[in-house]
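What the coordinates show
Spelled out from the first residue to the last, the chains are:
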Amino acid sequence: MNLITEVCAGGVRGGTSILYAALGETIAERAGVIYLGTEGSMLTGALAAYAVTASTGSPWVGLVAGAVAGALLALVHAVVVLWRGANQLATGFVVLFLGLGLTSLFGAAYVGREITAFQAYAIPGLSKIPFVGEVLFHHDPLTYLSYLVAPAMWWLLYRSRLGLRVRGAGERPEVLRAYGHSPTLVRYLAVVAAGLLAGVGGAQLSTAYTNQWFENMTAGRGFIAVALVIFAAWHPLRAVGGAYLFGAALALSPALQARGIGLNQFVLDALPYVVTLLALVVLGRRRANAAPDGLAQVFDMTPAR
Amino acid sequence: MSETSVLERPAAEAVAEAKPSLRDRLAGVPWLGWVVAVAGAPIIFGAFVAVKGVNPITMYADMLASLTTPAQAETVIIRAVVLVLAGLAVAVPARAGLLNVGGEGQIVIGAVCAAGVGLLTDQRLPGIVVLVLMLLAGAAGGALWAGLAAGLRLTVKVNEAISTLLLNFIALDLMLGLIYDPWKDASGFGQPSSRPLADAARLPLFTTGHKLNIGLVIAVLAVAAVWWAMKKTEWGFRLRVVGGNPEAARQAGMRVGLLLLSAMLVGGALAGLAGMVHMSGTEFKLRPGMTLNFGYIGFLVSWLAGHRPLRVAAAAVLLAAIAMAGDSLQINSGLPAASVNVLMAVVLLVVLGSNVRARKAKP
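Residues numbered from 1 in each chain as written. Chains lettered and ligands numbered in written order. Predicted model: local features only at pLDDT ≥ 70, side-chain atom pairs only at ≥ 80, totals over all residues. Heavy atoms only, no water.

**Quick word on the overall build of chain B**
- The secondary structure content of chain B amounts to 14 helices and zero strands.
- If you list the helices and strands of chain B from N to C, you get α-α-α-α-α-α-α-α-α-α-α-α-α-α.
- The burial tally for chain B puts 56% of its 363 residues in the buried class.
- Partitioning the contacts of chain B with sequence separation of at least 6, the portion at a separation of at least 24 is 76%. (Helix = DSSP H or I, 4+ residues; strand = E, 2+ residues; numbered from the N terminus. Buried < 20%, exposed > 50% of the residue type's maximum accessible area, 1.4 Å probe, protein only. Contact = heavy atoms within 4.5 Å.)

The following block contains the structure:
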C-alpha cells in the first residue's frame, strides 16, 4: 500500500474516535452547552469498553459499557452546569480531571492485558474499488457504523422534531418554552448524548484502533473534537472531513516511520494540534458567527468567579 | 437575558454599578461550600478506593502520616511554591474573564527558556546574573506562549480555553524534541534529558542539607505583587471590570482588547516563573514528565481559591499536600498516583456547584 493510501486509510480509522466525539459535542453545543470534558468521556469510554471486553470476551458488550460510562461522566457535567449553574468551561475541565483520575484508578489492572478486539472486515465488492476501497472499506465495525451515524446526526438535527428542539434550546430557548418544552431537559439529554457518543469514540480507540489501554491514551483527541466542532461550524457533516484530516495527521508519523523516512518524531507528534490551531485560525473568524446564540454567551462572557 | 440589558443603561452608571455587583460575585467561595467540599470529597474518594479493595481508613491514615515527616512537609512546601505561581497564572486572567488552561504548556516553555539561558551561561557568568537572566527568560517564555493564545482570541476570536489547551500539547512536543536531540545530555543514562545545570544556575537553598530553595521567596513576592496589583492599581481595577462586565467596560471606554492581552501575558509570565522555579530549584534539567501536571493542578488551585491571590496560596498548600498524598497512595496503598485526581476533582466539583449566588437567570 503506498504512503498516500496508508495515511488516508489510517486517517479514516484513526479519525473515527474523534468523529464520534465531535458529533456528540455538536449536539451539546447546538443545545447551548459546551462540554469540555469530552476528553474525559472518551477516556472513561475507552477504559470501560476495554475492561468489559476483557471480562466478557465480546467487544460489542464492551461498546455498550463504553457508551454508558461516557454518558455517566457527562451527566456529572450536566448536573453541575445546568442545575447548579456553574461555569461551563471550568466544570468541563474538572470533569476531565475526574475522568483522568477514575480511569487511572480503575485502569491500572488492564494495562498490557490482551482482549478480543474488533477485527477489521473488508466489505465484499466495495473494498475492491481502487484507492477508495482501501481507504474506506477495510475497517472495523465501529468505523463502518460511523459512516451511518454522521448522516443520521445531520438528519436528526435538521429534519427531525427532536433536532428542532435541540437547536431551539441553543438559539431561542424562550420560544421553546412558549411551546411547552423545557430547554433544560433538552440540554440534559444533549449533554448525556454527547458523553455517550464520546464514550463510543473512546471505545473505538481502545477496542478497535489500538487494542490496548494505557493511562491518558486519548492524548488530547477530545480537545481536538471540541475544536473540530467549532470550525465545522456546528455542522455534523463538515465534522467528518475535519476528523479524518486529524486522523491523517495522527497516522502520518507511524506511516513515515514504517518506511524509514526520518522526519522529526516530535514535529509529527505536534502536527495534529498545530493543524487544529491553524484550522481554527483560518476558519475561526467566519465560523464564530455561526455559533448558536446560547453558546456565544459562554465564549464571550466567561465570568470571573 | 431577563433583566434590562446593559446596553440600555448609560455606560458610567453601568460601571459604577459594576463595582458592588463585582464584589458580590467575587466574594469567593462561601464557607459552607468549602466545608462540604473538604468533608464530602474524601468520603466519595474513599468509596471509590473501597471498590478497588483498599481500606479507605488506613489509606487516609497512611496519607496523613506521610505528610507529617519533616522531609515530606518540606516537599509539600516546595511543590506548593510552584503551585502558587501556577495558580496565580490562572487567577490573573480569570479576573479578566479569561480561561487560561495553558498553564502546563506555559510552565514547560518557561522551563525550556530558563534552561536554555542556564545552559548557555551557567559556567561562564556569576550565579546571581545567571539566575536573574533565567528568571527573566522563564517569565518571557511563558508570557510569549500565553500571548499566542491571547493574540488568537483578539484577532480571530479563537476561544483561549481551546487554544491554550492545544498549545499545551505543542509545548510538550517542543520540549521533547529539544531533549531528544539538540539539548540531549550525552552523559546521561535512562530517560533522555538535558544536561544538569551547574550550581550557578540552581536556586540557592535556605539551609544546606535541606531542599527548600528561595523559590519560596519568589512565590511570596508574586502573591504580594498580584494582590497589590489587583487591589491597588488602576490596571487591576480595570481588569476586574472587564471580567465582570466586558460590555460595560467597553462602553466606559476601556481598551478591553489590551486589558485581556495584558492579563494573559501576566498569567503566562507567572506560569513561566513556575517552570523556572521548578526546573532550577528541584529538577535542574529538562526531562519528560517533569511538569507533574502542575499546570492543570494550578487551574484547580485557582478555581478552588475563587481567583483571589491570598486564597490561591492557601489552596496551593492544600492541593500540594493532596498531590503528595498521591505518592503515598502509590507506595502504601498500591494505587496509581494519578487516582488522587479523583479527590481533587470531586472537591472542585462541589465547590463549583456550590458557588451559585446571584447568578443571572439562564435564558
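Having seen it, we continue.
**Digging into the pattern of salt bridges**
Residue and element names in this part refer to chain B.
- The tally for this structure, following the rule as stated, stands at four salt bridges over all chains.
- Arg-238 is the partner of Glu-234 in a salt bridge, and the nearest nitrogen-oxygen pair spans 3.6 Å. In this pair, Glu-234 and Arg-238 both sit in helix α9 (residues 234–244), four residues apart, roughly one turn of the helix.
- Here Arg-287 ties to Glu-283 by a salt bridge, and the two come within 2.7 Å at their closest N and O atoms.
- Residue Arg-287 is classed as partly exposed on the basis of its relative accessible area, which comes to 22%. (Salt bridge = Lys/Arg side-chain N within 4 Å of Asp/Glu carboxyl O.)

**Some points on the confidence of the model for chain A**
- For chain A, per-residue confidence averages 87 on the pLDDT scale, and 94% of positions sit at 70 or higher.
- Overall, residues 301–305 of chain A carries pLDDT values under 50, and its contacts beyond four positions in sequence, including any with other chains, amount to 26 contacts. (pLDDT = per-residue confidence, 0-100.)

**Remarks on a nonpolar patch on the surface**
- A cluster of nonpolar side chains, contributed by Val-64, Val-68, Leu-72, Leu-75, Val-79 and Trp-83 of chain A, occupies part of the molecular surface with about 560 Å² of accessible area.
- Considering the arrangement of structural elements, one finds Val-79 of chain A in helix α3 (residues 59–83). (Patch = residues over 30% accessible without salt bridge, like charges linked within 9 Å, V, L, I, M, F, W, Y side chains within 5 Å. Areas by Shrake-Rupley, 256 points an atom, 1.4 Å probe, with all protein chains shown as cover.)

**Things to note about the packing of helix α10 (residues 221–231) of chain A against helix α11 (residues 236–258) of chain A**
Residues and elements named next belong to chain A.
- Packing of α10 against α11 leaves a shortest axis separation of 9 Å and a crossing angle of 140°. Like other packed secondary-structure pairs, α10 and α11 cross with a definite hand, here right-handed. Taken together, the residues of α11 that come into contact with α10 (itself represented by Arg-221, Ile-224, Leu-228 and Phe-231) are Ala-239, Gly-242, Ala-243, Phe-246 and Leu-250.
- Of the residues belonging to the contact of α10 with α11, the class tally is seven nonpolar, one polar and one charged. (Axes fitted to C-alpha atoms, helices over the stretch in contact; angles between N-to-C directions. Left-handed = near helix turned anticlockwise from the far one by under 90°. Nonpolar A, V, L, I, M, F, W, Y, C, P; charged D, E, K, R; others polar.)

**Observations regarding the side chain of Ser-193 of chain B**
- Of note, Ser-193 of chain B is situated in the loop between α7 (160–180) and α8 (215–232).
- For Ser-193 of chain B, a relative accessible area of 7% puts it in the buried group.

**Here we look at the packing of aromatic side chains**
- What the rule picks out here adds up to 13 aromatic pairs over all chains.
- Centre to centre, the rings of Phe-93 of chain A and Phe-97 of chain A are 6.5 Å apart; their planes meet at 50°, and the pair counts as tilted. With Phe-93 of chain A and Phe-97 of chain A both in helix α4 (residues 88–107) and four residues apart, this pair spans about one turn of that helix.
- Ring centres of Phe-93 of chain A and Phe-299 of chain B lie 4.7 Å apart, and the angle between their planes is 70°; on these two criteria the pair is classed as edge-to-face. Within this pair, whereas Phe-93 of chain A is found in helix α4, its partner Phe-299 of chain B is found in helix α12 (residues 294–304), the two belonging to separate chains. There is no split in this pair, since Phe-93 of chain A and Phe-299 of chain B are both buried.
- These aromatic residues form a ring-pair network of at least three members: Phe-93 and Phe-97 of chain A together with Tyr-296, Phe-299 and Trp-303 of chain B.
- In this structure, Arg-84 of chain A is placed above the aromatic ring of Trp-83 of chain A, and the distance from its NZ or CZ to the ring centre is 5.0 Å.
- A cation over a ring is seen here: Arg-202 of chain B above Phe-284 of chain B, with NZ or CZ 4.0 Å from the ring centre. (Phe/Tyr/Trp six-rings, centres within 6.5 Å; stacked < 30°, edge-to-face > 60°. Lys NZ or Arg CZ within 6 Å of the ring centre and 35° of its normal.)

**Describing unusual backbone geometry**
All names here are of chain A.
- Although it is not a glycine, Asn-211 adopts a positive phi angle of roughly 55°.
- Within the secondary structure, Asn-211 sits in the loop between α9 (183–209) and α10.
- The phi torsion at Asn-216 lies on the positive side, around 60°, for a residue other than glycine.
- Take Asn-216: it is sitting in the loop between α9 and α10.
- Its relative accessible area of 39% is what places Asn-216 among the partly exposed residues.

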